[in-house]
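Architecture at a glance
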Number of protein chains: 2
Amino acid sequence: MPRAGLDRTAVVEAGAALADEVGFAGLTMGRLAERVGVRTPSLYKHVAGQDDLNRGIAALALAEAAAAVGTATQGCAGRDALAAAAHAFRDFVLTHPGRYAATIGVEPTGPDDPVAVAGLGLLGSFTAVLRSYAVEGAEMDHALRALRSFLHGFATLQSANAFQWSADVDDSFEWLIALLDRGLRNASSPQ
Amino acid sequence: MPRAGLDRTAVVEAGAALADEVGFAGLTMGRLAERVGVRTPSLYKHVAGQDDLNRGIAALALAEAAAAVGTATQGCAGRDALAAAAHAFRDFVLTHPGRYAATIGVEPTGPDDPVAVAGLGLLGSFTAVLRSYAVEGAEMDHALRALRSFLHGFATLQSANAFQWSADVDDSFEWLIALLDRGLRNASSPQ
DNA sequence: CACGAGTGGCTAATCGCGTTAGTTTTGGGC
DNA sequence: GCCCAAAACTAACGCGATTAGCCACTCGTG
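Residues numbered from 1 in each chain as written. Chains lettered and ligands numbered in written order. Predicted model: local features only at pLDDT ≥ 70, side-chain atom pairs only at ≥ 80, totals over all residues. Heavy atoms only, no water.

1. Concerning the pattern of salt bridges
What counts is decided by this rule: Criterion for a salt bridge: a side-chain nitrogen of Lys or Arg within 4 Å of a carboxyl oxygen of Asp or Glu. Numbering of helices and strands runs from the N terminus, with a helix taken as a DSSP run of H or I at least four residues long and a strand as a DSSP run of E at least two residues long. For the exposure calls, accessible area comes from a 1.4 Å probe over protein chains only, and a residue counts as buried if that area is under 20% of its type's maximum, exposed if over 50%, partly exposed in between.
Throughout the structure, instances matching the rule amount to 17 salt bridges over all chains. In this structure, Arg90(A) and Asp170(A) form a salt bridge, with 3.0 Å as the shortest nitrogen-oxygen distance. Of this pair, Arg90(A) sits in helix 4 (residues 78–95) while Asp170(A) is found in helix 8 (residues 169–185), placing the two residues 80 residues apart along the sequence. With a relative accessible area of 6%, Arg90(A) lands in the buried category. Between Arg99(B) and Asp20(B) there is a salt bridge whose closest N-O contact spans 2.4 Å. Pair noted here: Arg99(B) is in helix 5 (residues 97–103) and Asp20(B) is in helix 1 (residues 8–22), with a separation of 79 residues, a long-range link. We note that Arg99(B), like Asp20(B), is buried.

Structure representation (C-alpha cells):
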C-alpha cells in the first residue's frame, strides 16, 4: 500500500475544500478520508478527531479572511477602505461558505489557541479600516462589533439563501455599505 | 403503558425548549423522546423525522420572534421603534438560542410552507419599524436586509460568545442602534 | 547493505443516533 | 362489552465517529 504522504495541514486543507463543496454539515470523516485517498481511521493519525479538524479549518478560514481583508484595503482609507473590506469579506464567505461556517461555534481554548490568534488577525484588519473614521477609544470596540455583526449577518444570510425577495442582493450590499459609512462618519457626534 | 397524549405541536414545543437548553446541535431524537416520556420511534408518529421537527421549531421561533417584535414596537415610531425592535429581537435570540438556531439553514419548500409564512410575519414587523423612517420603494428591501443582517449578526455572534473583548456588550448594542438610526435617518440623502 | 524502529496505513469492532418494520396496547364510539 | 384506529413498543438496520490492535513501508544508522 503506497503511503499517501499526508500531514496535518494537508488534511485540514482538504477538509476546508470539502466543506466548501458539500457544506459544513456535510463534512464527514468518511468523505474526507475518501477524498484524500485513505480509510477513515487513518485520519486520526493527523487530527485528533472531528472537533480538532473543525478548529483547524476555522483557524485557516480566519487567517485567510484576515489576509483577504488586509490586502484588499491596502492603501485605502475611509469609505473606500470600508467598501473594499466589506466586499473582500463577503466574497470570501460566499466562495468559502463551508470553512467560514466552521468558524462559528468554535470557542478558543486559550489566548494562544490558533483560532484565537487568527481571530485577532481578522480583528486587526477591521481595526485598520475603522481608524480611517473618527472612531477612537472605547468606541473602537463598539464599531468593531458593529462592523463584524453587519458583515457576518449579511454574508451568513446570503449564503443560507435567506434573502428571497425581489431586489438585487448586490444592490442591497452597496446600500448597506453606504448606511454604515453614514453612521460611522458621524460616530462621535451627539446621537 | 399509559398513553402520553402527544401531538405534533406538543412535540415541536418540547423540541424547541430542549434545543434552548442543550443547544440546537444537542437536540437529538432520543433526548427529546426521553423528555416527553416516550421511546424514540414513537416520535415518528407525530413528526416525519428530524428535518420536519427542525422546520416546525423554525416556524415556531419565527412566529414568536415576529410577535415579540410586533408587540414591543406597538405605538412607537422612529428611533424608539428601532430600539424596541432591536432589543426585543436580541432578547428573544438570547433567551431562545436553540430554536432561533433552527431557523438558519431551513429553506422554505414553497410559498405556503409554514416557515415561509412565519418568516414573512417577522419581515412585516421590521417593515413597520422602517416605515417610521424616510425609507420607501426599493430602499425598503435594502433597509430590511440591512436591519436583518445587523440583528442576526449581532445576536448570533453574542450567543456564540464570539465577543471576547473588553467593552460591555450591552453598550455595544446601544451604540449599534444609534449607528443604525443615524444611517436610516439620512437614508434618502445622497450618500 | 542490512536492520530496527517509528510512522502511517489498514481491518475489525464498538457506540450512538436516525430511521423503518412489524407488533401490541389503549381508549373512544357503536 | 366490543372493535378498530391511533399511539406506543421492541427489534433491527445503516451510517458516522472513534478506538484497539496489527502490518508495512521508509529512513537513519551501523
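Moving on, there is more to tell.
2. Quick notes on the packing of helix 4 (residues 78–95) of chain B against helix 7 (residues 138–159) of chain B
All names here are of chain B. Let me state the cut-off plainly: The axes are straight lines fitted to the C-alpha atoms, using for helices just the contacting stretch, and the angles between their N-to-C directions are given from 0 to 180°. A crossing counts as left-handed when the near helix is turned anticlockwise from the far one by less than a right angle, and as right-handed when that turn is clockwise. When checking whether two residues touch, look at their non-hydrogen atoms; a contact exists if any pair is within 4.5 Å. Ten residue types, Ala, Val, Leu, Ile, Met, Phe, Trp, Tyr, Cys and Pro, are classed as nonpolar, four, Asp, Glu, Lys and Arg, as charged, and the remainder, Gly among them, as polar.
Here helix 4 crosses helix 7 at 35°, and the two axes come no closer than 10 Å. For helix 4 against helix 7, the interelement crossing comes out right-handed. In this structure, helix 4 uses Leu82, Ala86, Phe89, Arg90, Val93 and Leu94 to contact helix 7, whose residues at the interface are Leu147, Leu151, His152, Phe154, Ala155, Gln158 and Ser159. Here the contact of helix 4 with helix 7 is composed, by residue class, of nine nonpolar, three polar and one charged.

3. What to know about the environment of Leu62(B)
All names here are of chain B. Summarising the element assignment, Leu62 is placed in helix 3 (residues 50–72). Along the backbone, Leu62 and Ala102 are 40 residues apart, and their C-alpha atoms lie at a distance of 9.7 Å. Here Leu62 is in contact with Thr103, Val115, Ala118, Gly119 and Leu122, once residues within four sequence places are set aside.

4. Structural notes on the relation of the copies chain A and chain B
Comparison of the two chain copies shows a relationship of rotation about an axis with a shift along it. What counts here: For the least-squares superposition of copies, only C-alpha atoms count, and only for residues with pLDDT at least 70 in both.
Of the transformation superimposing chain A on chain B, the axial component is 0.0 Å and the angular component is 180°, with the fit at an RMSD of 0.0 Å. Interpreted geometrically, this transformation is the action of a two-fold axis. Scanning chain A for the C-alpha nearest the rotation axis identifies Gly153(A), at a separation of 1.9 Å. The residues that chain A uses at the interface reappear at the interface of chain B in 98% of cases, marking a shared surface.

5. What about the environment of Leu144(B)?
All names here are of chain B. Tracing the backbone through its elements, the reader meets Leu144 in helix 7. The class of Leu144 is buried, set by a relative accessible area of 6%. Sequence-distant contacts of Leu144, that is, excluding residues within four places in its chain, are made with Leu123, Phe126, Thr127 and Leu130.

6. With respect to unusual backbone geometry
All names here are of chain A. Positive phi outside glycine occurs at Asn161, with the angle close to 65°. Checked against the element boundaries, Asn161 lands in the loop between helix 7 (138–159) and helix 8. Judged by relative accessible area, Asn161 falls into the partly exposed class, the value being 44%.

7. Some words on the interface of chain A and chain B
To be explicit about the condition: Once two parts are joined, some of their accessible surface, as seen by a 1.4 Å probe, is lost; buried area is that loss totalled over both.
In this complex, chain A contributes 43 residues to the contact, which on the side of chain B involves 42 residues. Buried area between chain A and chain B, summed over both chains or domains, comes out near 4,000 Å², and the portion from carbon and sulfur atoms is 63%. Linking chain A with chain B are zero salt bridges. Only helix 7 and helix 8 of chain A provide two or more residues apiece to the side of chain A that touches chain B. The greatest single-element share of the side of chain A that touches chain B, amounting to 14 residues, is contributed by helix 7 of chain A. Its residues placed into classes, the side of chain A that touches chain B shows 18 nonpolar, 14 polar and eleven charged.

8. Some points on the UniProt feature "DNA-binding region" (unreviewed entry) in chain A
What counts is decided by this rule: UniProt positions are given in the numbering used here, feature names are shortened, and annotations may be inferred rather than shown by experiment.
The UniProt record marks residues 28–47 of chain A with the feature "DNA-binding region" (unreviewed entry), using the residue numbering of this structure. The span residues 28–47 of chain A is 40% helical and 0% strand by assignment, and the distance between its end C-alpha atoms comes to 13 Å.

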